[in-house]
Amino acid sequence: MSKKLLLKDAHIEGIRYFETYRKQGGYTAAEKALKMTPDEILEEVKASGLRGRGGAGFPTGMKWSFLAKPEGVPRHLVVNADESEPGTFKDRYLMEFLPHLLIEGMLISSYCLGSNTSYIYIRGEYSWIPDILEEAIEEAKAAGFLGKNILGTGFDCEIYVQRGGGAYICGEETALLESLEGKRGNPRLKPPFPAVKGLWERPTVVNNVESIAAIVPIIDITGAEYAKIGVGRSTGTKLISACGNINKPGVYEIDMTITVEEFIYSDEYCGGIKDGKKLKACIPGGSSVPIVPANLLLRTVNGEPRYMNYESLADGGFATGTMMGSGGFIVLDEDQCIVDHTMTLARFYNHESCGQCTPCREGTGWMYKILKKIEKGEGKMEDIDLLWDIQRKIEGNTICPLGDAAAWPVAAAIRHFRDEFEWHVKNPELSQTQNYGLAHY
Ligand code: SF4
């Protein structure tokens, strides 16, 4: 059984309220942190090996150490709660059921970074959660954990919740900052990075909800102890939101030492494939990461079991591996059609492209149109090569990672499931009425 650090109290009735959270030991990590210096906290975060839980997996301590500290210029912490990656809903769970864990993590992080005004930018569709967060903020304030002169330390901190407008692109950190400033959410060219010029051109750290929540157990048990959980550079625990054709969809906390097979088939987690079907493929890190067929998902290129951690999931690179990404674990059974699935994702990225750069603006639209053609049985063999060519021209040629996120699923689908694309081309009539999965199993 995986160790629980973030969700250990999630089952307790009323844990979303300050009184219950406090009774369970809530805010003791904050009390401890406020007696430390900001540099000491930073050292604990670095020692923990925590990697950003939003998708990129960049070391959080290193990110914090990049924060510029010019004299007299305010700094900000911004929590990225714009969780819009298809298949990902673990931050929603944290905010809905454990809002004080996030607020406590923000208090410690704000103190460490010197942010007196911090923000939570939350996905517009999570319409019921801002009220939960704002209530938690008010409770923390009433108890002296937010506001002026917190616990007599002289440190002031206010937290504000800002609702997004429902654009996926605002999950990209610079688009998020633009939106938070009241502008259209277009990603910025980098450099300068937010650590130097972020919100209102002030030094800013943007971190995912889960990353900031993880600061609480890191301070609680120390960074060194946190680093002992997990394996290699995949330290601590990770929240995984599991969905698709499984028996037990939901949010799970894992310690990154379990195998993918155990995660899918064990009753503790996904509980196996629905209706006893066969596993066909999986996208383990949210829709943007490469899809992997079952054989490569359960074993690495060396024939070792594949583990639920950053290194093992990526084993073999994009040719045979994938990424931990956001932890949005999407399982596809044998009945699913990869062409249909890839087309749905292509439509999504085309719709969500902000349109600033040509390869993304035009390329995502072309990919969607070609996939639609193939899926409807109107495609030609050369369309598959054209699709491959387009995704290659998008990857690495755009301002923000949305371009890559749109290209990778198409590349992986063609790489691993070319036979399905060809089946659609060769069977135009059948492909109008059936999908590949149903026709073959
Ligand atoms: Fe906008 Fe796409 Fe360019 Fe990102 S890659 S800036 S979403 S056009």
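Everything in this summary refers to the structure shown in the same document. (Residues numbered from 1 in each chain as written. Predicted model: local features only at pLDDT ≥ 70, side-chain atom pairs only at ≥ 80, totals over all residues. Heavy atoms only, no water.)

Section: the packing of aromatic side chains
Counted by the stated rule, this structure contains 18 aromatic pairs. Ring centres of Phe18 and Phe145 lie 6.0 Å apart, and the angle between their planes is 40°; on these two criteria the pair is classed as tilted. With Phe18 in helix H1 (residues 18-23) and Phe145 in the loop between helix H7 (129-142) and strand S3 (158-163), the pair connects residues that are 127 residues apart, well separated along the chain. With a relative accessible area of 3%, Phe145 lands in the buried category. Between Tyr252 and Phe263 the ring centres are 5.9 Å apart and the planes differ by 85°, which places this aromatic pair in the edge-to-face class. Separated by 11 residues along the polypeptide, Tyr252 in strand S8 (residues 250-254) and Phe263 in helix H12 (residues 260-265) bring together distant segments of the chain. When sorted by exposure, Tyr252 lands in the same class as Phe263, which is buried. Just above the ring of Tyr310 sits the side chain of Arg51; from NZ or CZ to the centre is 4.1 Å. (Phe/Tyr/Trp six-rings, centres within 6.5 Å; stacked < 30°, edge-to-face > 60°. Helix = DSSP H or I, 4+ residues; strand = E, 2+ residues; numbered from the N terminus. Buried < 20%, exposed > 50% of the residue type's maximum accessible area, 1.4 Å probe, protein only. Lys NZ or Arg CZ within 6 Å of the ring centre and 35° of its normal.)

Points about the site of the ligand
Around the ligand sit 13 residues, and of these Cys354, Gln356, Cys357, Cys360 and Cys400 come closest. Of the residues belonging to the shell around the ligand, the class tally is eight nonpolar, five polar and no charged. (Near = heavy atom within 4 Å. Nonpolar A, V, L, I, M, F, W, Y, C, P; charged D, E, K, R; others polar.)

Description of helix H3 (residues 38-48)
Of the positions making up H3, those classed as buried are Ile41, Leu42, Val45 and Ser48. Take H3 and look down its axis: the buried residues cluster within an arc of 120°, on one side only. On its buried side, H3 packs onto helix H2 (28-33), helix H4 (60-65), helix H6 (99-113), helix H10 (215-221), helix H11 (223-228) and strand S6 (234-235). Phi for Gly49, located one or two positions after H3, is positive at around 75°. (Arc of directions from axis to C-beta. Contact = heavy atoms within 4.5 Å.)

Here we look at the pairing of S3
When strand S2 (residues 115-122) meets S3, the two strands line up parallel, connected through six bridges. Across the sheet, residue Ile120 finds its bridge partner in S3, namely Val161. After leaving S2, the chain enters H7 and then returns to the sheet as S3, a path that is right-handed. (Pairing = 2+ DSSP bridges. Right-handed = clockwise from strand over helix to strand, strands pointing away.)

With respect to the pairing of strand S7 (residues 238-244)
Here S7 lies mainly inside the structure; six of its seven residues are buried. Direction of pairing for S7 relative to S8: antiparallel, over a ladder of five bridges. Note on S8: the bridge partner recorded for Ala242 is Gly250. Linkage of S7 to S8, two consecutive antiparallel strands, is achieved through a turn of five residues. Judged from the four bridges that link them, S7 and strand S11 (residues 328-333) form a sheet pairing that is parallel. Each bridged residue has a counterpart across the sheet, and for Cys243 the counterpart in S11 is Ile330.

Describing the sheet that holds strand S9 (residues 279-283)
Sheet architecture is open: five strands sit in the order S8-S7-S11-S9-S10, paired in mixed fashion. Each end of this open sheet is capped by a strand with a single partner; those strands are S8 and strand S10 (292-293). The sheet contact formed by S9 and S11 spans four bridges and is antiparallel. Of the residues in S11, the one forming a bridge with Leu279 is Asp333. In the packing of helix H5 (residues 90-97) onto the sheet, the strands contacted are S7 and S8, and the crossing angle to S7 comes to about 115°. (Axes fitted to C-alpha atoms, helices over the stretch in contact; angles between N-to-C directions.)

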